[in-house]
Amino acid sequence: QVQLVESGGGLVQPGGSLRLSCAASGFTLNNYRTRWYRQAPGKERELVATITSGGGSTNYADSVKGRFTISRDNAKNTVYLQMNSLKPEDTAVYYCNADDVWVATLNYWGQGTQVTVSS
């Protein structure tokens, strides 16, 4: 069964850190471009970070650049989002997405994990 499961969210104070995990089953995540999105209440879904298939390149939204890092652990079939220096405006549900650049039907989403940054 093809599945993506996010974990690692929670409540953290401003300036704190969290590491989100996106664990795949039923397929090899390294073969897919993998992205982290987030969506806060009343706001559009925002692309946060991207890692290419094979992990050769990464890209980040300007709002998180220098604070967040996306990476792969292929032995665990998992992609991570390390989030440092968290701000209240980072509060959102974070979603993992994996897709194939060339095949539109190969597109998978996780269920999301809540991140709340608050004092």
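See the structure above.
Now for a quick tour of the structure.

**Describing the overall build of the protein**
Reasoning step 1: If you tally the helices and strands in the protein, you get zero helices and eleven strands.
Reasoning step 2: When its C-alpha atoms are laid out on the principal axes, the protein stretches across 40 × 25 × 25 Å.
Reasoning step 3: By residue count, 41% of the 119 residues in the protein fall in the buried class.
Reasoning step 4: Look at the contacts in the protein between residues 6 or more apart in sequence, and 54% of them connect residues 24 or more apart.
Reasoning step 5: Here the protein has roughly 6,200 Å² of accessible surface; of this, 47% comes from carbon and sulfur atoms.

**Regarding the nonpolar core**
A general trend in soluble globular proteins is that nonpolar side chains are found buried together.
Reasoning step 1: Ranked by size, the top nonpolar core spans 29 residues in total, and within it Leu4, Trp36, Leu81, Met83 and Tyr94 carry the most contacts.
Reasoning step 2: For this core, the secondary-structure elements that each account for two or more residues are β3 (18-25), β5 (46-51), β7 (68-73), β8 (78-83), β9 (92-99) and β11 (113-117).

**Considering unusual backbone geometry**
Reasoning step 1: We note that Asn77 has phi near 55°; this positive angle belongs to a residue other than glycine.
Reasoning step 2: With respect to the helices and strands, the residue Asn77 is situated in the loop between β7 and β8.
Reasoning step 3: A positive phi angle is found at Ser85, which is not glycine, with a value near 50°.
Reasoning step 4: Mapped onto the elements, Ser85 comes out in the loop between β8 and β9.

**Focus: a nonpolar patch on the surface**
Reasoning step 1: A grouping of Val101, Trp102 and Val103 is seen on the molecular surface, where their side chains present a nonpolar patch of about 380 Å² in accessible area.
Reasoning step 2: Looking at Trp102, the relative accessible area reads 79%, which means it is exposed.

**Remarks on the packing of aromatic side chains**
Reasoning step 1: Following the criterion strictly, the structure yields four aromatic pairs and no others.
Reasoning step 2: With centroids separated by 5.1 Å and ring planes inclined at 80°, the aromatic side chains of Phe27 and Tyr32 adopt a geometry described as edge-to-face. Taken individually, Phe27 and Tyr32 each receive the classification buried, so the pair is uniform in this respect.
Reasoning step 3: Aromatic side chains Tyr37 and Trp109 sit 5.1 Å apart centroid to centroid with 45° between the ring planes, which places their arrangement in the tilted category. One end of the pair, Tyr37, is in strand β4 (residues 33-39); the other, Trp109, is in strand β10 (residues 107-109), with 72 residues separating them in the sequence.
Reasoning step 4: Under the relative-accessibility criterion, Trp109 is labelled partly exposed at 38%.
Reasoning step 5: Feature note: the residues Phe27, Tyr32 and Tyr108 constitute an aromatic cluster, connected by ring pairs.
Reasoning step 6: The ring of Trp109 has Arg45 lying over it, and the distance from NZ or CZ to the ring centre is 4.8 Å.

Scoring rules and cut-offs
- Residues numbered from 1 in each chain as written.
- Predicted model: local features only at pLDDT ≥ 70, side-chain atom pairs only at ≥ 80, totals over all residues.
- Heavy atoms only, no water.
- Helix = DSSP H or I, 4+ residues; strand = E, 2+ residues; numbered from the N terminus.
- Buried < 20%, exposed > 50% of the residue type's maximum accessible area, 1.4 Å probe, protein only.
- Contact = heavy atoms within 4.5 Å.
- Areas by Shrake-Rupley, 256 points an atom, 1.4 Å probe, with all protein chains shown as cover.
- Core = buried A, V, L, I, M, F, W, Y, C linked by side-chain atoms within 4.5 Å.
- Patch = residues over 30% accessible without salt bridge, like charges linked within 9 Å, V, L, I, M, F, W, Y side chains within 5 Å.
- Salt bridge = Lys/Arg side-chain N within 4 Å of Asp/Glu carboxyl O.
- Phe/Tyr/Trp six-rings, centres within 6.5 Å; stacked < 30°, edge-to-face > 60°.
- Lys NZ or Arg CZ within 6 Å of the ring centre and 35° of its normal.

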